[in-house]
Amino acid sequence: MRKAIKPVKSTGKYASLIKPLKSGLLTERRTLNVSRFTPEQLAQREEKTKKTGEKLGPGNADHLVWMYGKDLENLDVNLTWGFYSSPGVWHRGVGAHVHPVGEVLVFVGTDPGNIDYLGAEIEIDLGKEHERYIFDRPSVVICPPGLPHNPVVTRWVDKSYSFFVINLAGEHGTRNVD
(Lines give C-alpha, C1' and ligand atoms only; values in the text may rest on other atoms or scores of the structure.)
Protein backbone atom coordinates (compact mmCIF):
# COMPACT_ATOMS: atom_id res chain seq x y z
CA MET A 1 0.00 0.00 0.00
CA ARG A 2 1.25 3.46 -0.92
CA LYS A 3 2.17 5.73 1.99
CA ALA A 4 0.02 8.85 2.27
CA ILE A 5 2.02 11.88 1.17
CA LYS A 6 1.15 15.38 2.22
CA PRO A 7 0.51 17.71 -0.76
CA VAL A 8 3.30 20.16 -1.58
CA LYS A 9 2.49 23.85 -1.72
CA SER A 10 2.48 25.58 -5.10
CA THR A 11 5.98 26.85 -4.35
CA GLY A 12 7.53 23.39 -4.29
CA LYS A 13 10.51 22.19 -6.35
CA TYR A 14 8.36 21.17 -9.33
CA ALA A 15 5.72 23.91 -9.12
CA SER A 16 6.82 25.40 -12.46
CA LEU A 17 5.77 22.14 -14.16
CA ILE A 18 2.09 22.65 -13.31
CA LYS A 19 0.52 25.07 -15.80
CA PRO A 20 -3.07 26.27 -15.55
CA LEU A 21 -4.74 26.00 -18.95
CA LYS A 22 -6.17 29.49 -18.48
CA SER A 23 -2.61 30.85 -18.83
CA GLY A 24 -2.80 29.92 -22.53
CA LEU A 25 -6.26 31.38 -23.12
CA LEU A 26 -6.44 32.65 -26.70
CA THR A 27 -10.17 33.22 -27.10
CA GLU A 28 -12.89 33.36 -24.49
CA ARG A 29 -16.55 33.54 -25.45
CA ARG A 30 -15.39 33.91 -29.08
CA THR A 31 -13.40 37.07 -28.25
CA LEU A 32 -9.63 37.32 -28.71
CA ASN A 33 -7.73 37.59 -25.43
CA VAL A 34 -5.56 40.59 -26.39
CA SER A 35 -3.58 40.37 -23.13
CA ARG A 36 -1.98 37.19 -24.55
CA PHE A 37 -0.21 39.20 -27.27
CA THR A 38 2.39 41.93 -27.40
CA PRO A 39 1.44 45.09 -29.32
CA GLU A 40 3.75 43.91 -32.12
CA GLN A 41 1.98 40.54 -32.34
CA LEU A 42 -1.41 42.25 -32.44
CA ALA A 43 -0.18 44.50 -35.26
CA GLN A 44 1.12 41.44 -37.15
CA ARG A 45 -2.25 39.68 -36.74
CA GLU A 46 -4.08 42.76 -38.02
CA GLU A 47 -1.71 43.07 -41.00
CA LYS A 48 -2.13 39.37 -41.82
CA THR A 49 -5.91 39.74 -41.68
CA LYS A 50 -5.77 42.70 -44.07
CA LYS A 51 -3.40 40.88 -46.43
CA THR A 52 -5.07 37.45 -46.53
CA GLY A 53 -8.63 38.18 -45.45
CA GLU A 54 -8.31 35.40 -42.89
CA LYS A 55 -10.56 35.70 -39.88
CA LEU A 56 -12.39 33.42 -37.48
CA GLY A 57 -15.52 31.84 -38.86
CA PRO A 58 -18.78 31.00 -37.08
CA GLY A 59 -17.75 27.38 -36.44
CA ASN A 60 -14.61 28.29 -34.52
CA ALA A 61 -14.11 27.76 -30.79
CA ASP A 62 -16.19 29.28 -28.03
CA HIS A 63 -13.16 29.02 -25.73
CA LEU A 64 -9.65 28.19 -26.97
CA VAL A 65 -6.38 27.66 -25.14
CA TRP A 66 -3.10 27.62 -27.07
CA MET A 67 0.18 26.88 -25.33
CA TYR A 68 3.52 27.10 -27.11
CA GLY A 69 6.89 25.63 -26.20
CA LYS A 70 7.81 28.81 -24.32
CA ASP A 71 4.72 28.26 -22.15
CA LEU A 72 5.62 24.59 -21.60
CA GLU A 73 9.15 24.79 -20.18
CA ASN A 74 10.54 25.00 -23.75
CA LEU A 75 9.31 21.58 -24.80
CA ASP A 76 9.36 21.10 -28.56
CA VAL A 77 5.56 20.97 -28.74
CA ASN A 78 2.59 23.29 -28.87
CA LEU A 79 -0.99 22.40 -28.15
CA THR A 80 -4.44 23.78 -28.62
CA TRP A 81 -7.57 22.82 -26.71
CA GLY A 82 -11.06 24.25 -26.99
CA PHE A 83 -14.83 23.86 -26.79
CA TYR A 84 -17.00 24.18 -29.91
CA SER A 85 -20.78 24.56 -30.05
CA SER A 86 -21.70 26.23 -33.37
CA PRO A 87 -21.85 25.04 -36.96
CA GLY A 88 -19.90 26.73 -39.72
CA VAL A 89 -16.46 27.10 -41.24
CA TRP A 90 -13.66 27.54 -38.71
CA HIS A 91 -11.60 30.10 -40.66
CA ARG A 92 -12.83 32.40 -43.42
CA GLY A 93 -10.64 33.75 -46.18
CA VAL A 94 -8.20 30.82 -46.36
CA GLY A 95 -8.18 27.22 -47.52
CA ALA A 96 -5.56 24.61 -46.75
CA HIS A 97 -2.31 25.10 -44.88
CA VAL A 98 0.77 23.02 -44.08
CA HIS A 99 3.21 22.69 -41.20
CA PRO A 100 6.91 21.78 -41.29
CA VAL A 101 6.33 19.20 -38.53
CA GLY A 102 3.65 16.62 -37.83
CA GLU A 103 0.53 17.28 -35.85
CA VAL A 104 -2.58 15.44 -34.76
CA LEU A 105 -6.07 16.93 -34.69
CA VAL A 106 -8.26 15.30 -32.06
CA PHE A 107 -12.05 15.65 -31.99
CA VAL A 108 -13.77 14.33 -28.85
CA GLY A 109 -17.25 14.42 -27.40
CA THR A 110 -18.09 15.80 -24.00
CA ASP A 111 -20.57 13.12 -22.89
CA PRO A 112 -18.80 11.02 -20.23
CA GLY A 113 -21.51 8.38 -20.56
CA ASN A 114 -20.76 7.70 -24.25
CA ILE A 115 -17.13 7.80 -25.39
CA ASP A 116 -18.20 7.05 -28.98
CA TYR A 117 -20.44 10.13 -29.30
CA LEU A 118 -18.98 13.32 -30.78
CA GLY A 119 -22.18 15.35 -30.80
CA ALA A 120 -21.34 16.99 -34.12
CA GLU A 121 -20.49 16.29 -37.74
CA ILE A 122 -17.10 17.52 -38.96
CA GLU A 123 -15.84 18.00 -42.50
CA ILE A 124 -12.12 18.37 -43.32
CA ASP A 125 -10.15 18.47 -46.57
CA LEU A 126 -6.83 16.62 -46.79
CA GLY A 127 -4.09 16.68 -49.42
CA LYS A 128 -3.42 18.91 -52.40
CA GLU A 129 -6.42 17.21 -54.06
CA HIS A 130 -8.69 18.45 -51.27
CA GLU A 131 -10.11 15.00 -50.53
CA ARG A 132 -13.09 15.66 -48.29
CA TYR A 133 -13.71 13.55 -45.20
CA ILE A 134 -16.77 13.68 -42.97
CA PHE A 135 -17.13 12.05 -39.57
CA ASP A 136 -19.51 12.21 -36.63
CA ARG A 137 -17.66 10.08 -34.09
CA PRO A 138 -14.64 11.02 -31.96
CA SER A 139 -11.66 10.89 -34.31
CA VAL A 140 -7.98 11.70 -34.73
CA VAL A 141 -6.72 13.24 -37.98
CA ILE A 142 -3.00 12.66 -38.49
CA CYS A 143 -1.20 15.37 -40.48
CA PRO A 144 2.35 14.38 -41.41
CA PRO A 145 4.77 17.26 -42.13
CA GLY A 146 3.80 19.10 -45.32
CA LEU A 147 0.32 17.55 -45.71
CA PRO A 148 -2.15 20.23 -46.81
CA HIS A 149 -5.21 20.18 -44.57
CA ASN A 150 -8.28 22.34 -44.04
CA PRO A 151 -10.72 23.95 -44.25
CA VAL A 152 -12.53 22.46 -41.27
CA VAL A 153 -16.29 22.90 -41.19
CA THR A 154 -18.62 21.92 -38.37
CA ARG A 155 -21.64 20.77 -40.38
CA TRP A 156 -24.00 20.42 -37.41
CA VAL A 157 -23.83 20.33 -33.62
CA ASP A 158 -26.22 18.54 -31.26
CA LYS A 159 -23.93 18.80 -28.24
CA SER A 160 -20.76 20.81 -27.63
CA TYR A 161 -17.59 18.94 -28.43
CA SER A 162 -13.92 19.48 -27.72
CA PHE A 163 -10.99 19.68 -30.09
CA PHE A 164 -7.29 19.69 -29.45
CA VAL A 165 -4.12 19.81 -31.52
CA ILE A 166 -0.72 18.46 -30.64
CA ASN A 167 1.93 19.96 -32.93
CA LEU A 168 5.51 18.72 -32.67
CA ALA A 169 7.25 22.11 -32.55
CA GLY A 170 7.61 24.79 -29.92
CA GLU A 171 6.06 27.31 -32.31
CA HIS A 172 3.11 26.64 -34.61
CA GLY A 173 4.69 27.20 -38.03
CA THR A 174 1.89 27.46 -40.59
CA ARG A 175 2.01 28.32 -44.26
CA ASN A 176 -1.22 28.83 -46.21
CA VAL A 177 -1.22 26.98 -49.53
CA ASP A 178 -4.53 28.21 -50.92
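Each remark here, short or long, concerns the structure printed above.
Note that the structure is a prediction, hence the values are computed from the model and not measured.

A.B. asks: I'd like a description of the overall build of the chain, backed by residues and values.
C.D. replies: Helix and strand content of the chain: 1 helix and 15 strands. C-alpha extents for the chain along the principal axes are approximately 55 × 45 × 30 Å. Entry remark: accessible area of the chain is about 11100 Å², with carbon and sulfur atoms responsible for 58%. Each charge class in the chain can be summarised by its mean position, and for the 23 positive and 21 negative side chains these summaries are 9 Å apart.

A.B. asks: So what's going on with the nonpolar core? Which residues, and what values?
C.D. replies: The nonpolar side chains of a soluble globular protein tend to be buried with one another. With 22 residues, the main nonpolar core has Leu 105, Phe 107, Ile 122, Val 141 and Tyr 161 as its most contacted residues. Mapped onto this core, the elements with two or more residues apiece are β4 (63-67), β9 (103-109), β10 (120-126), β12 (139-143) and β14 (161-167). For this core, the element with the highest residue contribution is β10, accounting for 4 residues. Setting aside chain neighbours within four positions, we find Tyr 161 in contact with Gly 82, Phe 83, Tyr 84, Trp 90, Phe 107, Val 108, Gly 109, Thr 110, Leu 118, Ala 120, Ile 122 and Thr 154. Leu 25, Met 67, Leu 72 and Val 77 belong to the second-largest nonpolar core, a separate cluster that totals 5 residues.

A.B. asks: Quick rundown of the pairing of β14? Include the residues and the values.
C.D. replies: Where burial is concerned, most of β14 is hidden: 5 out of the 7 residues are buried. With 7 bridges connecting them, strand β5 (residues 78-84) and β14 associate as antiparallel partners. Along β14, the bridge assignment pairs Tyr 84 with Tyr 161. Here 7 bridges tie β9 to β14, and the two strands are oriented antiparallel to one another.

A.B. asks: Pulling in residues and values, what's your account of the packing of aromatic side chains?
C.D. replies: The description of an aromatic ring pair rests on the distance of the ring centres and on the angle between the ring planes. What the rule picks out here adds up to 9 aromatic pairs. Ring centres 5.6 Å apart and planes at 15° place the aromatic pair Trp 66 and Tyr 68 in the stacked group. Summarising the burial analysis for this pair, Trp 66 and Tyr 68 share the class buried.

A.B. asks: Mind laying out the sheet that holds strand β2 (residues 31-32), listing which residues take part and the relevant values?
C.D. replies: Here we have 7 strands laid out as an open sheet, ordered β2-β1-β4-β5-β14-β9-β12, and antiparallel in their pairing. The open sheet terminates on both sides in strands that have one partner only, identified here as β2 and β12. In this structure, strand β1 (residues 25-28) lies alongside β2, joined through 2 bridges in antiparallel fashion. Bridged to Thr 27 within β2 is Leu 32.

A.B. asks: Requested: an account of the pairing of β9, with residues and values cited.
C.D. replies: Both β9 and β12 contribute to a ladder of 5 bridges, which runs antiparallel. Pairing of Val 104 across the sheet is with Ile 142, part of β12.

A.B. asks: Which residues make up unusual backbone geometry, and what are the values?
C.D. replies: Note: most peptide bonds trans; most residues except glycine with negative phi. In the segment running from Asn 150 into Pro 151, the intervening peptide bond is cis, with an omega of 5°. With respect to the secondary-structure elements, Pro 151 resides in strand β13 (residues 149-157). At Glu 73, a position not held by glycine, the phi torsion is positive, near 55°. Note on Asn 150: relative accessible area 10%, which makes it buried.

A.B. asks: Run through the pattern of salt bridges, naming residues and quoting values.
C.D. replies: One pass over the full model with this rule turns up 8 salt bridges. Notably, a salt bridge pairs Lys 19 with Glu 73, separated by 2.7 Å at the nearest N-O pair. Placement of Lys 19 in the segment before β1 and of Glu 73 in the loop between β4 and β5 is noted, with a sequence separation of 54 residues between them. Residue Lys 19 is classed as partly exposed on the basis of its relative accessible area, which comes to 31%. Given a relative accessible area of 41%, Glu 73 falls into the partly exposed group. The salt bridge partner of Glu 123 is Arg 132, with a shortest N-O separation of 3.3 Å.

What counts, and where the lines are drawn
Residues numbered from 1 in each chain as written. Predicted model: local features only at pLDDT ≥ 70, side-chain atom pairs only at ≥ 80, totals over all residues. Heavy atoms only, no water. Helix = DSSP H or I, 4+ residues; strand = E, 2+ residues; numbered from the N terminus. Areas by Shrake-Rupley, 256 points an atom, 1.4 Å probe, with all protein chains shown as cover. Lys, Arg positive; Asp, Glu negative; His and termini not counted. Charge placed at Lys NZ, Arg CZ, Asp CG, Glu CD. Core = buried A, V, L, I, M, F, W, Y, C linked by side-chain atoms within 4.5 Å. Buried < 20%, exposed > 50% of the residue type's maximum accessible area, 1.4 Å probe, protein only. Contact = heavy atoms within 4.5 Å. Pairing = 2+ DSSP bridges. Phe/Tyr/Trp six-rings, centres within 6.5 Å; stacked < 30°, edge-to-face > 60°. Salt bridge = Lys/Arg side-chain N within 4 Å of Asp/Glu carboxyl O.

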